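The lines below spell out each chain.
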Amino acid sequence: GDSVTQMEGPVTLSEEAFLTINCTYTATGYPSLFWYVQYPGEGLQLLLKATKADDKGSNKGFEATYRKETTSFHLEKGSVQVSDSAVYFCAPRQGGSEKLVFGKGTKLTVNP
Amino acid sequence: GAVVSQHPSRVICKSGTSVKIECRSLDFQATTMFWYRQFPKQSLMLMATSNEGSKATYEQGVEKDKFLINHASLTLSTLTVTSAHPEDSSFYICSAMTASLTYEQYFGPGTRLTVT
C-alpha cells in the first residue's frame, strides 16, 4: 500500500534559521501531496499542497515542490519564527482515493 | 470558511461506560467525514470513513462494535466509544470533506478521551 517516510524529529532551531523537513512517499500513479501542521493542543490545518509533478505549494513562507522523479515533497522555510513551533505531517493522497496517508510527524521547536 | 468543530474537547469517563464525540461541519455540508485516532508522538491512524446516510467503512483492525459511527446528516457525525477501557484513551480527530471544497479534508480540533 501507499506509505510515507518523514524526517525523524524533534527538530530544534533558532529563530530565523532555515528549515527543511524531508518527506518521501511510495504510491502508485500520481498522488496529490499535502503538508499539514498541528499546533499544540489543536487539530490539523492544511499548510500547503501540490497536485501534480513539479507543482510548488506555498503558504506562510513555507514551500514544497512535488518531485515525481525522487518521489519527494520536502518542506522548506527560509526563516522560521517561534510561532512556527508545531508538528508537521506529510500526507499523500492517492489519485481517485479520499484517504490521506500520514507520516509520523516531525515536531519543530523554534527558540527565540 | 470550512470550519469543523468537535465536542467535547476533553472528556474523562470511567471504565465500562460509553462516550459520544460529535463532529460538525459549521459552514459547509460534508458528504464524507473521517475519524482518526492519534497516539502520543505518533501519526494519525484512520479509523473509519463515513458517508451521510450510509454505514461507515472501518479500517482493518478497528472494531466496529466498539467504535460506533453515525453520520445522520450532512453536518454531523458522531463517534461513540462503547464500554470504554483505559487503552481507548487517546486523541480522536475528525475531518470533513465535500466536492465543493475540492475534496480537501478539513480537520476538527480533536477530542482528548481519558478512561479511568
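The rules behind the values
Residues numbered from 1 in each chain as written. Chains lettered and ligands numbered in written order. Predicted model: local features only at pLDDT ≥ 70, side-chain atom pairs only at ≥ 80, totals over all residues. Heavy atoms only, no water. Disulfide = S-S within 2.5 Å. Helix = DSSP H or I, 4+ residues; strand = E, 2+ residues; numbered from the N terminus. Polar contact = N/O pair within 3.5 Å; in protein donor to acceptor, adjacent residues only side chain to side chain. Contact = heavy atoms within 4.5 Å. Core = buried A, V, L, I, M, F, W, Y, C linked by side-chain atoms within 4.5 Å. Buried < 20%, exposed > 50% of the residue type's maximum accessible area, 1.4 Å probe, protein only. Pairing = 2+ DSSP bridges. Axes fitted to C-alpha atoms, helices over the stretch in contact; angles between N-to-C directions. Salt bridge = Lys/Arg side-chain N within 4 Å of Asp/Glu carboxyl O.

1. Quick look at the state of the cysteines
All names here are of chain A.
- Under the criterion given, the structure shown has 2 disulfides over all chains.
- Between the sulfur atoms of Cys-23 and its disulfide mate Cys-90 the distance is 1.9 Å. Across the S-S bond of Cys-23 and Cys-90 the torsion is about -65°, and the bridge reads as left-handed. Residue Cys-23 is found in strand β4 (residues 23–26), and its partner Cys-90 is found in strand β10 (residues 86–93); the two are separated by 67 residues along the sequence.

2. Remarks on the side chain of Ser72(A)
All names here are of chain A.
- In this fold, Ser-72 is placed in the loop between β8 (62–65) and β9 (75–77).
- A distance of 2.8 Å separates a polar atom in the side chain of Ser-72 from a polar atom in the side chain of Thr-70.
- Residues in contact with Ser-72, not counting those within four places in the same chain, are Cys-23, Thr-24, Tyr-25, Leu-33, Thr-65, Tyr-66 and Arg-67.

3. Here we look at unusual backbone geometry
- Each neighbour pair has its own omega, and for Gly9(A) with Pro10(A) the value is -5°, a cis peptide bond.
- Relative to the helices and strands, Pro10(A) is located in the loop between β1 (3–6) and β2 (11–14).
- The residue Ser83(B) is not glycine, and still its phi comes out positive at about 45°.
- Mapped onto the elements of the fold, Ser83(B) is located in the loop between β8 (76–81) and β9 (90–97).

4. Concerning the nonpolar core
Residue and element names in this part refer to chain B.
- Counting residues in each nonpolar core, the largest one holds 26 residues, and the members touching the most others are Trp-35, Tyr-58, Phe-67, Ile-69, Leu-79, Tyr-92 and Leu-113.
- Elements with a minimum of two residues in this core: β2 (10–13), β3 (19–25), β4 (32–38), β5 (44–51), β7 (67–73), β8, β9 and β11 (111–115).
- In this view, Ile-69 contacts Trp-35, Ala-48, Ser-50, Ala-56, Tyr-58, Ser-77, Thr-78 and Leu-79; residues no more than four positions away in its chain are not counted.

5. Things to note about the pairing of β9(B)
Residue and element names in this part refer to chain B.
- Most of β9 is tucked away, with 8 of its 8 residues classed as buried.
- Taking every second residue as pointing to the same face, both faces of β9 are buried, with Ser-90, Tyr-92, Cys-94 and Ala-96 on one and Phe-91, Ile-93, Ser-95 and Met-97 on the other.
- Looking at chain direction, β4 and β9 are connected through 7 bridges and run antiparallel. Of the residues in β9, the one forming a bridge with Trp-35 is Cys-94.
- Here 2 bridges tie β9 to strand β10 (residues 106–107), and the two strands are oriented antiparallel to one another. Looking across to β10, one finds that Ala-96 is bridged to Tyr-106.

6. Section: the pairing of strand β6 (residues 44–50) of chain A
Residues and elements named next belong to chain A.
- Relative to β6, strand β5 (residues 32–38) is paired through 6 bridges, and the arrangement is antiparallel. By the bridge assignment, Val-37 is partnered in β6 with Gln-45.
- The antiparallel hairpin formed by β5 and β6 contains 5 residues in its connecting segment, where Gly-41 sits at a positive phi of about 75°.

7. A look at the sheet that holds β10(A)
All names here are of chain A.
- In spatial order, the strands read β2-β11-β10-β5-β6; together these 5 strands make up an open sheet with mixed pairing. The open sheet is flanked by β2 and β6, the only strands paired with a single partner. Pairs of neighbouring strands in the sheet enclose a mean axial angle of 25°, with direction left out of account.
- Here β10 runs beside strand β11 (residues 106–111); their pairing, made up of 3 bridges, is antiparallel. Paired with Val-87 across the two strands is Lys-107, which belongs to β11.

8. Overview of the pattern of salt bridges
Residue and element names in this part refer to chain A.
- By the definition in use, this model includes 7 salt bridges over all chains.
- Here Asp-55 and Lys-52 are joined by a salt bridge, their closest N and O atoms 3.3 Å apart.
- Its relative accessible area of 52% is what places Lys-52 among the exposed residues.
- In this structure, Lys-56 and Glu-63 form a salt bridge, with 3.6 Å as the shortest nitrogen-oxygen distance.
- Of the residues examined, Lys-56 reaches a relative accessible area of 52% and is grouped as exposed.

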